[in-house]
Amino acid sequence: MSNPLVLGIESTCDETGIGLVRGNELLVDRTATSMDQYARYGGIIPEIASRAHLESFLPVLESALDEAQVTLDDVDAIAVAAGPGLIGSLTVGISAAKALASSLGKPLYGVNHVIGHLAVDKLAEGPLPERFIGLVVSGGHSNILLVNDIARDIEELGGTLDDAAGEAFDKVGRLLDLPYPGGPHVDRLSQAGDREAIRFPRGLAAGKDKELHKYDFSFSGLKTAVARYIEGARQRGESVNAEDICAGFSESINDSLTAKTVRAALDTGCDTIVVGGGFSANSRLRQLITERAAAAGLTVRMPPLRFCTDNGAQIAAIGSELVRAGVSPSSYTFSPDSGMSLMQISVG
Ligand code: KG4
Ligand code: ZN
């Protein structure tokens, strides 16, 4: 089927997302989030998130169908995030998807939501190249993937040995007493700072590590260096320049992410890099990867900001790639997989 109508359901974390995609065209993308309930806890509370999915699911589904002016009968296939994510949150979306698919007699695809972060780019910039390097960066992931065929064949070239990029930003946000999640606040402050004022270390960038961990990242040493810097300044009674700290910290993370991703593309003979995930909203990442890819003669594709955070459109987008490629649907017996491997695109 070349232009299937796919309903995408996303409930991996705090967003309840419903997307409808026909081929490469987005019909609608609707999201409800429970994020505003977590600021006072400084982190997501899984039980609150699960309950919020339960409350939001049907209203979000109904408003998406309304807006797209389609009915559930018109849908050719249903895709749902099977992982990675929070088990309780995933369970709500998967249960709803199974109920819809079995009652309507539609094929069901349990998909990897992280691969959806890359697939969503086709809705903004047109069909994806057959083979490309994917950089997925979020609160839980920082991985370089060799995508040979987005429906069937993905190799993981590297990833973080400790914190993910978004997670490291959130931790530095906490050190600077910024509201949760800290990532966007650290990004905002960094734009007003001097990137050269403080040089923080780059993980796995020198000596044996550089070769042994060509495409891997390590951000926990950096986070400790930032913590020490802040503590030292406070002990000496000096004022802390949060803007310069954020700028130097952001430069270290984005230098590593972009240098290794460009190297992976050159090493594998890929001429395109696709970036996705919540952290791909980061302003310095977008700037630096654009500059470095252009200098290396590579094309870089990044979804617009509205597609960076988790959404239903990304699930429908990867679902439509699976249908188009003729991949078999998932059985009705699959369970959520909180640690789903990035090489597993859909469940059997
Ligand atoms: O993909 P996502 O919505 O959820 C996960 O699957 O993790 O990513 C959320 C992460 C959070 O850590 C958040 O702080 C970070 O992405 N983030 C940012 C920015 N926008 C979101 N980090 C740095 N700069 C940003 N502009
Ligand atoms: Zn995500």
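In this text the structure is predicted, and so the values were computed from the model without any measurement.

**A closer look at the domain arrangement of the chain**
Okay, so step 1: You can read the domains of the chain as domain 1 (5-120 + 311-325) and domain 2 (132-306).
Okay, so step 2: Taking only C-alpha atoms, the centre of domain 1 and the centre of domain 2 are 28 Å apart.
Okay, so step 3: At the junction of the two partners, domain 1 supplies 18 residues and domain 2 supplies 21 residues.
Okay, so step 4: With both sides pooled, the region where domain 1 packs onto domain 2 buries about 1400 Å², and carbon together with sulfur makes up 74% of that total.
Okay, so step 5: Counting every contact that joins domain 1 to domain 2 gives 1 residue pair in polar contact (both at pLDDT 80 or more).
Okay, so step 6: Of all elements in the fold, only α3 (113-119) and α11 (312-325) reach the threshold of two or more residues within the side of domain 1 that touches domain 2.
Okay, so step 7: In terms of residues, the side of domain 1 that touches domain 2 owes the most to one element, α3, which gives 5 residues.
Okay, so step 8: Of the residues belonging to the side of domain 1 that touches domain 2, the class tally is 13 nonpolar, 4 polar and 1 charged.

**Brief notes about the coordination of the zinc ion (ligand 2)**
Okay, so step 1: Coordination of the zinc ion (ligand 2) by the protein involves His113 (NE2), His117 (NE2) and Asp310 (OD), with metal-donor separations of 2.1 to 2.3 Å.
Okay, so step 2: In this structure, the zinc ion (ligand 2) is coordinated by 4 donor atoms arranged in irregular fashion, with angles at the metal of 87 to 147°.
Okay, so step 3: Considered as a linear motif, the donors of the zinc ion (ligand 2) on their single chain read H-x3-H-x192-D. Pair noted here: histidine 113 and histidine 117 are both in helix α3, with a separation of 4 residues, about one helical turn.

**Describing the pattern of salt bridges**
Okay, so step 1: By the definition in use, this model includes 14 salt bridges.
Okay, so step 2: Among the salt bridges present, the one from arginine 292 reaches aspartate 255, with a minimum N-O distance of 2.8 Å. Taken as a pair, arginine 292 in helix α10 (residues 283-295) and aspartate 255 in helix α9 (residues 242-268) lie far apart in primary sequence, 37 residues in all.
Okay, so step 3: Arginine 292 sits in the partly exposed class, given a relative accessible area of 28%.
Okay, so step 4: Here aspartate 255 falls in the buried class, since its relative accessible area comes to 17%.
Okay, so step 5: Each of the salt bridges in this network shares a partner with another, and the network as a whole consists of Asp163, Glu167, Lys171 and Lys223.

**Observations concerning the packing of helix α5 (residues 165-175) against α9**
Okay, so step 1: Contact pair α5 / α9: the axes reach a minimum separation of 11 Å and the direction vectors enclose 175°. Considering their axes alone, α5 and α9 lie roughly antiparallel with respect to each other. Taking contact as the criterion, the partners of Ala165, Ala168, Phe169 and Val172 in α5 are, on α9, Phe249, Ser250, Ile253 and Leu257.

Each value, and the rule that gives it
Residues numbered from 1 in each chain as written. Chains lettered and ligands numbered in written order. Predicted model: local features only at pLDDT ≥ 70, side-chain atom pairs only at ≥ 80, totals over all residues. Heavy atoms only, no water. Domains from an automatic or database assignment. Contact = heavy atoms within 4.5 Å. Buried area = accessible area lost by both parts, 1.4 Å probe. Polar contact = N/O pair within 3.5 Å; in protein donor to acceptor, adjacent residues only side chain to side chain. Helix = DSSP H or I, 4+ residues; strand = E, 2+ residues; numbered from the N terminus. Nonpolar A, V, L, I, M, F, W, Y, C, P; charged D, E, K, R; others polar. Donors = N, O, S within 2.8 Å, 3.2 Å for Na, K, Ca; no water. Tetrahedral: all angles 85-135°; square planar, octahedral: opposite > 155°, others 65-115°. Salt bridge = Lys/Arg side-chain N within 4 Å of Asp/Glu carboxyl O. Buried < 20%, exposed > 50% of the residue type's maximum accessible area, 1.4 Å probe, protein only. Axes fitted to C-alpha atoms, helices over the stretch in contact; angles between N-to-C directions. Parallel < 35°, antiparallel > 145°, perpendicular 65-115°, else oblique.

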